[in-house]
Amino acid sequence: MGVNEQEYRQWSRILEACGVGAWEIDSDRQIVRLSPDGAAILGVTDRRSLSIESFTNLFQPPFDRTITHSLERLLQSNQEFEEALALLSGGWVRIRGRVIPEGVSFQSCGMVQSLLDKASVLSIDLSSGSDHLYRYMFMENPMPMFIWEFDTLNIIDCNRQALLKYGYTREEFLRLNIRDIRPPEDIPLIEKYTRQADFYGDIHNKVWRHLNKAGEVMLVNITGHLVEIEERRCSMVLINDITERLEAEDQLMESLKELSDYRFALDESCLVMILDKEKKVVYLNQKFQDISGYDKDSIEKYSLNSFYDERDLGLIANCWDTLLSGNIWTGELRGQKKGGGIFYVDTVVIPFRDNQGKIYQYIWVGYDITEKKRADESLIKERSLLRAIIDNLPIQIYVKDTAGKHIINNRYQYEHSLGAKTEGETLGKTVYDYFPKEIADGMAAYDRKIIQDGKPAMNVEEYYFDRNGNRVWLLTNKVPLKDAKGKVVGLVGMSRDVTDRKDEEEKLKNLNDELQKKAQELEKSNEELEQFAYIASHDLQEPLRMITGFLGLLEKKYDPLLDKKGKEFIHYAVDGARRMKTIIMDLLAYSRVGRMDEKVKEVAIEEIVNNILGLQKELIHQKRAAIILGKLPKLKIPIAPIHQVFQNLINNAVKYQHPEQQPKIKIQAAEKADFWEFQVIDNGIGIPKSFQSRVFILFSRLHANKSYSGSGIGLAMSKKIIENLGGTIGFHSEEGKGSTFYFTVPKSLQ
Ligand code: ADP
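The numbering scheme is per chain: residues are counted from 1 as the chain's sequence reads. This being a predicted model, a pLDDT of at least 70 is required before a residue's local features are given, and a value of 80 or more before pairs of side-chain atoms are given or counted; all residues contribute to the totals for chains, interfaces and linings. Side-chain measures here rest on the full set of heavy atoms in the structure, leaving out hydrogens and waters.

### Concerning the overall build of the protein chain
Runs of E in the DSSP output that reach at least two residues are strands. Runs of H or I that reach at least four are helices, and both are numbered from the N terminus. Along the backbone of the protein chain there are 22 helices and 28 strands. Here the C-alpha radius of gyration of the protein chain, 66 Å, is well above what a compact globule of 750 residues would show, namely 27 Å. Along the first, second and third principal axes, the C-alpha set of the protein chain runs to 210 × 85 × 65 Å. Per-residue burial over the protein chain gives 37% buried out of 750 residues. All accessibility values rest on the Shrake-Rupley procedure with a 1.4 Å probe; residue burial counts only the protein chains present in the view. Taken as a whole, the protein chain presents about 45300 Å² of accessible surface, with 53% of it coming from carbon and sulfur. Our radius of gyration is a C-alpha quantity, and the globule rule it is checked against amounts to 2.2 Å times the number of residues to the power 0.38. For each residue, the accessible area found with a 1.4 Å probe, counting protein chains only, is set against the maximum for its type, and the residue is called buried under 20%, exposed over 50%, and partly exposed in between.

Written as structure tokens, this is what we have:
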């Protein structure tokens, strides 16, 4: 055993004898190690591995926080400390903390000493005199007390409870003045009250805000008493911490406020009625009175049954059964207004029990649903009106869900289309329940498309075969059915039976086809006729030439032999042959119209007209006709046909004139949006009304051959030419006053 060890043991024994223990902090492991004496003083069994937190928890609040702060300061800034602290297990200890260098680092350690002796100093020997007794009563008073001096505001004495309340050691507390235990914002109040000489009378009482060592605010009721200690004016104060009481009061106030808020909300929104245990109405809230018209002041006069419609008395009896069995009753009741009339209430009735479990009151809470009921009723009326309308419409109306199941079918739909007696038997069914698969497949695919695309399909024609095998045509509109969020939840379909119309259309189509066939046949026979006219007129020329030729020879050779009658006969035969030639030539020309496919060429119409006037110079001259030309355009047009038309019209205008009158003829043109219109106006004999409808018919002639020569082909041919070009031809005429022939030529020819 070395000298050091010997010395160490010696000191250990001395320290043990003095009741002093030691502690050190292993800062790496965050534990406090205690010497055996230290552990004994602090009452710790496992002295080798006490966490810092468990160490500080050995002390009573607020001393646990005091030692926590002191240890933190020691570890962080080597600040030494010395505290007197109260243990949780009872008793006081003094703890000192130091830092000692150990090699290059520092060791945080200290001593712990029991203050049992100190406590025993405070115990007083009652027999040793009254001073001790009063001091004992001050020090051990269960209420915190301290004494401060008026001049300096210093705290000059305090009792043990004051230290516990404020969390200081006695040494610390006695170094404070009363400013130090106030929140900074309250310090001016101290100045104010200490200056008022008479504020601190013999006894004064006031609530202040104080701070404990940890900086927490406490509300304290201070009872102060003026004392004079060694000729200094002091105040001895008794501290009553009312923080918790005030907090509890605040909480109580808050919950009372909450309750009154609930009640306000309930009174605002509901009808409330309270019945006592005898089922007597004892309270009606304002809303109940307002709606029912019953007055709470004359409440004794009413029984519960007088508030409700007699039809609901059975319900109320059921309500009592439920309540008496201890349950809550809910239901819809019809209230009876005092002045007559009904109000609807959605009602909850709750039985309330006292501590013994006996019902002492019933609270009826009702929600006024009169408006909603009325709205529901009118909705029902509106719905049944709508239903009546759709059921009586002569079209099929149906609603299907997204799976194609029928949700609604109107009468026309279920009776006519589905062959059912009631709507009920058709609901939940699909097209596959009613139609052959191939038809149903088409219908279902069409429905799916509407639902997937979310777009309506209008005026779609579809058909099915009814139970008798007849094809039924429908014209259908299908519209996607959407919910409030716009999601497609099904479709609405409306179908009209258009079988009759379809049949009509079919008939019309057949008729049309027939007509077209006839028209084609007619066209063919026309063509054949034209062909015939062409061949006939062409082939007739040859024999005609022979007749004319031989008649000429006959006339030339036998003229001397012929008597007057013979010559006259030959003259008629020659004239007849000549007229026949004209007819044949005209007929040939007529039958050629449209056969020759002549190209359009730009030509001045004036040039064509002048050319015709040149050709007819003799006739014009002979009749002394005056011809006036308007402004005539240049057109792109097939020349020969238009030349023919102008020639026919001008020739007629000059020809059909009264012998005594000078012909005046005007040829003019007017430009229209899509065509040119030409007019040939004369002052001739005109055309009687009775003949006007036949003017354009082939070979139709009004005037006798002798007075006016012609074949009756010119206008028929002109009509054919103009119509072939896509134009129209017509005339206005008045007998004896002249005629205006007009025709149009479309600009589209250009
Ligand atoms: P045509 O002159 O060879 O007899 P058209 O076909 O040209 O044959 O005319 C048919 C008939 O219409 C004529 O016979 C005549 O009676 C009547 N007509 C035609 N143009 C006129 C006219 N400008 N004024 C009066 N009558 C007319």
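### Focus: the pairing of strand 4 (residues 81–86)
Counting buried positions along strand 4 yields five of six residues, so the element is predominantly enclosed. Paired strands, in this sense, are two strands between which DSSP finds at least two bridges. Hairpin connection of strand 4 to strand 5 (residues 92–102): five residues between the antiparallel strands, including Gly-90 at a positive phi of 95°.

### Looking at the packing of helix 18 (residues 605–615) against helix 20 (residues 639–655)
Between N-to-C directions, angles span 0 to 180 degrees; the directions come from axes that are lines fitted to C-alpha atoms, helices contributing only their stretch in contact. Taken N-terminus to C-terminus, the directions of helix 18 and helix 20 make an angle of 50°; their axes are 10 Å apart at the nearest point. As the angle between them shows, helix 18 and helix 20 are arranged oblique. Here helix 18 and helix 20 pass one another in a crossing that is right-handed. Across the interface between the two elements, Ile-605, Ile-608, Val-609, Asn-611, Ile-612, Leu-613 and Leu-615 from helix 18 touch Ile-639, Ile-642, His-643, Phe-646, Gln-647 and Ile-650 from helix 20. Side-chain classes follow a simple rule in which Ala, Val, Leu, Ile, Met, Phe, Trp, Tyr, Cys and Pro form the nonpolar group, Asp, Glu, Lys and Arg form the charged group, and the remainder, Gly included, forms the polar group. Tallied by class, residues from the contact of helix 18 with helix 20 come to 10 nonpolar, three polar and no charged. Every angle not falling under 35 degrees, over 145, or within 65 to 115 is termed oblique; those three ranges are roughly parallel, roughly antiparallel and roughly perpendicular. Should the near helix be turned anticlockwise from the far one by less than a right angle, the crossing is left-handed, and should it be turned clockwise, the crossing is right-handed. Residues count as neighbours in contact if any of their non-hydrogen atoms are within 4.5 Å of one another.

### Topic: the site of the ligand
Summary of the distance rule: residues count as near a molecule or strand when at least one heavy atom falls within 4 Å of that molecule or strand. The immediate surroundings of the ligand are formed by 19 residues, with Asn-652, Tyr-656, Arg-701, His-703 and Ser-711 found nearest. The term polar contact refers here to a pair of N or O atoms within 3.5 Å; inside protein, the definition further demands a hydrogen-donor-capable atom paired with an acceptor-capable atom, and it admits residues adjacent in sequence only when both atoms are side-chain atoms. In this structure, a nitrogen atom belonging to the ligand sits 3.0 Å away from a side-chain N or O atom of Asp-682. Notes on the ligand: free accessible area 530 Å², of which the protein chains cover 98%. The set of elements that each furnish at least two residues to the shell around the ligand consists of helix 20, helix 22 (714–724) and strand 28 (738–746). Per-class residue counts for the shell around the ligand are seven nonpolar, nine polar and three charged.

### Details of the sheet that holds strand 12 (residues 271–276)
The strand order 13-12-16-15-14 describes an open sheet built from five strands, whose pairing is antiparallel. Here the strands that pair on one side only, and so sit at the sheet edges, are strand 13 (281–284) and strand 14 (329–336). Taken over all neighbouring pairs, the strand axes of this sheet differ in orientation by 25° on average, direction set aside. Contacts from helix 12 (residues 313–324) reach strand 12, strand 14, strand 15 (342–353) and strand 16 (359–368) within the one sheet, and its direction differs from that of strand 14 by about 145°.

### Examining a nonpolar patch on the surface
Distance thresholds for patches are 9 Å for like charges and 5 Å for nonpolar side chains (Val, Leu, Ile, Met, Phe, Trp, Tyr), applied to residues having over 30% relative accessible area and no salt bridge. Salt bridges are identified by distance alone: a Lys or Arg side-chain nitrogen within 4 Å of an Asp or Glu carboxyl oxygen. A surface patch of nonpolar side chains, about 560 Å² in accessible area, is lined by Leu-252, Met-253, Leu-256, Leu-259 and Tyr-262. Locating Leu-256 in the fold gives a position in helix 10 (residues 243–269).

### Re the confidence of the model for the protein chain
Note on scores: pLDDT gives the predictor's confidence for each residue, bounded by 0 and 100. For the protein chain, the average pLDDT comes to 86, and 94% of its residues sit at 70 or higher. Every residue in residues 117–130 scores below 50 in pLDDT, and together they form 11 contacts with partners more than four places removed in sequence or on other chains.

### A word on the packing of helix 20 against helix 22
Between two packed helices, both the angle of their axes relative to each other and the distance between the axes serve to describe the pair. Helix 22 packs onto helix 20 with a crossing angle of 145° between their chain directions and a minimal axis gap of 9 Å. In this structure, the crossing between helix 20 and helix 22 has a hand that is left-handed. In contact with Pro-641, Ile-642, Gln-644, Val-645, Asn-648, Leu-649 and Asn-652 of helix 20, helix 22 contributes Gly-714, Leu-715, Met-717, Ser-718, Ile-721 and Ile-722. The residue inventory of the contact of helix 20 with helix 22, partitioned by class, reads eight nonpolar, five polar and no charged.

### Comments concerning the pattern of salt bridges
Considering all chains together, one arrives at 40 salt bridges under this definition. A salt bridge links Lys-737 to Glu-734, with the nearest nitrogen and oxygen atoms 3.5 Å apart. Note on Lys-737: relative accessible area 59%, which makes it exposed. Where salt bridges share partners, they join Glu-461, Arg-501, Lys-502 and Glu-505 into one cluster.

### Here we look at the packing of aromatic side chains
Note on aromatic contacts: the rings of Phe and Tyr and the six-membered ring of Trp form a pair at centre separations within 6.5 Å, being stacked when their planes are under 30 degrees apart, edge-to-face when over 60 apart, and tilted otherwise. If you walk through the whole model with that rule in mind, you get 23 aromatic pairs. Between the aromatic rings of Tyr-166 and Phe-173, the centroid separation amounts to 5.4 Å while the plane-to-plane angle is 40°, which identifies the pairing as tilted. Of the two residues, Tyr-166 and Phe-173, both sit in the buried class. With a centroid separation of 6.0 Å and an interplanar angle of 65°, the aromatic rings of Trp-320 and Trp-364 are classed as edge-to-face. Of the two residues, Trp-320 sits in helix 12 while Trp-364 sits in strand 16, which places them 44 residues apart along the sequence. The burial state of Trp-320 is the same as that of Trp-364; both residues are buried. These aromatic residues form a ring-pair network of at least three members: Trp-23, Phe-55, Phe-59 and Phe-81. Whether a charge sits over a ring depends on NZ of Lys or CZ of Arg being within 6 Å of the ring centre and within 35 degrees of the ring normal. One residue, Lys-206, lies across the ring of Trp-208, its end atom 5.5 Å from the ring centre. Lying over the aromatic face of Trp-320, Lys-279 brings its terminal NZ or CZ to 4.6 Å of the ring centre.

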